[in-house]
Amino acid sequence: MIALHYRVTLPRDYDMSVIHRRIGAGGPAMDGHEGLVFKAFLTREAGIDEAPANEYAPLYVWANTSRMTQFLTDPDGFGRIQRDFGAVPVSVWPVVSLHLNRAAMESAQHATVIETAADAGAALSERAAEMKSSANAEIKHKGVAMALRAVDLEGGREIAASA
């Protein structure tokens, strides 16, 4: 599996209801994408929880790179993002572990993506084992709908996402 994440930074005075409507209309349409394992439409609003700016930051997990590539090259997929917001940097991360609690996902309202510097001295195999253990422990907590761990091999970071 592979995770795809991008962030669209918006002006502080941007009307975020536009983004919320976009999510409401476009979210269900994403369900039809073959190979899509998980999706979360993350937003941050300037001034709330110390967010410096407004942000729209979808997170997807794809079964394989060919399905992800279909989305990225689809004019009605990622092409819509580029049309509406211009060039957007995209992060792509190999997934180390993904646990989904489908029952809890129905009521999930919040998700986080945390990127931390990896221990440069530890082998990837050691880090992966720790990341899997962490995701396994997290999904067991009441109300947790998703626990994802991935690696940014180029940036030397570990990715932890949860909902």
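The shown structure was predicted, so the numbers you read here are calculated from the model rather than taken from an experiment.

*Asks:* Help me understand the overall build of the protein chain in this model?
*Replies:* Across its full length, the protein chain carries five helices and eight strands. For 163 residues, the compact-globule formula gives about 15 Å, and the C-alpha radius of gyration of the protein chain, at 16 Å, lands near that figure. Oriented by its inertia axes, the alpha-carbon framework of the protein chain measures out at about 45 × 35 × 35 Å. Scored against the burial criterion, the 163 residues of the protein chain give a buried share of 40%. The contacts in the protein chain between residues at least 6 apart in sequence include a share of 71% that link residues at least 24 apart. A total accessible area of about 9,000 Å² is found for the protein chain, and carbon and sulfur atoms account for 50% of it. The averaged location of the 20 negative side-chain charges in the protein chain is 4 Å from the averaged location of its 16 positive side-chain charges.

*Asks:* I'm lost on the pattern of salt bridges in this one. Help?
*Replies:* Where side chains of opposite charge bring their charged atoms close, a pairing between them can arise. Within this structure, the stated rule accounts for ten salt bridges. The shortest N-O distance in the salt bridge between D84 and R22 comes to 2.6 Å. Remark: R22 occurs in helix 1 (residues 16–30) and D84 occurs in helix 3 (residues 78–85); sequence separation between them is 62 residues. According to the relative accessible area criterion, D84 is partly exposed, its value standing at 43%. Look at R22 and you get buried, because its relative accessible area is 15%. Here E115 ties to R157 by a salt bridge, and the two come within 2.0 Å at their closest N and O atoms. In this pair, E115 is assigned in strand 6 (residues 112–117) and R157 in strand 8 (residues 157–162), connecting sequence segments 42 residues apart. Residues participating in the shared-partner salt-bridge network are R7, R44, E55, E115, D152 and R157.

Conventions used here
- Residues numbered from 1 in each chain as written.
- Predicted model: local features only at pLDDT ≥ 70, side-chain atom pairs only at ≥ 80, totals over all residues.
- Heavy atoms only, no water.
- Helix = DSSP H or I, 4+ residues; strand = E, 2+ residues; numbered from the N terminus.
- Rg over C-alpha atoms; globule rule 2.2 N^0.38 Å.
- Buried < 20%, exposed > 50% of the residue type's maximum accessible area, 1.4 Å probe, protein only.
- Contact = heavy atoms within 4.5 Å.
- Areas by Shrake-Rupley, 256 points an atom, 1.4 Å probe, with all protein chains shown as cover.
- Lys, Arg positive; Asp, Glu negative; His and termini not counted.
- Charge placed at Lys NZ, Arg CZ, Asp CG, Glu CD.
- Salt bridge = Lys/Arg side-chain N within 4 Å of Asp/Glu carboxyl O.

So yeah, pure geometry; function would need other evidence.
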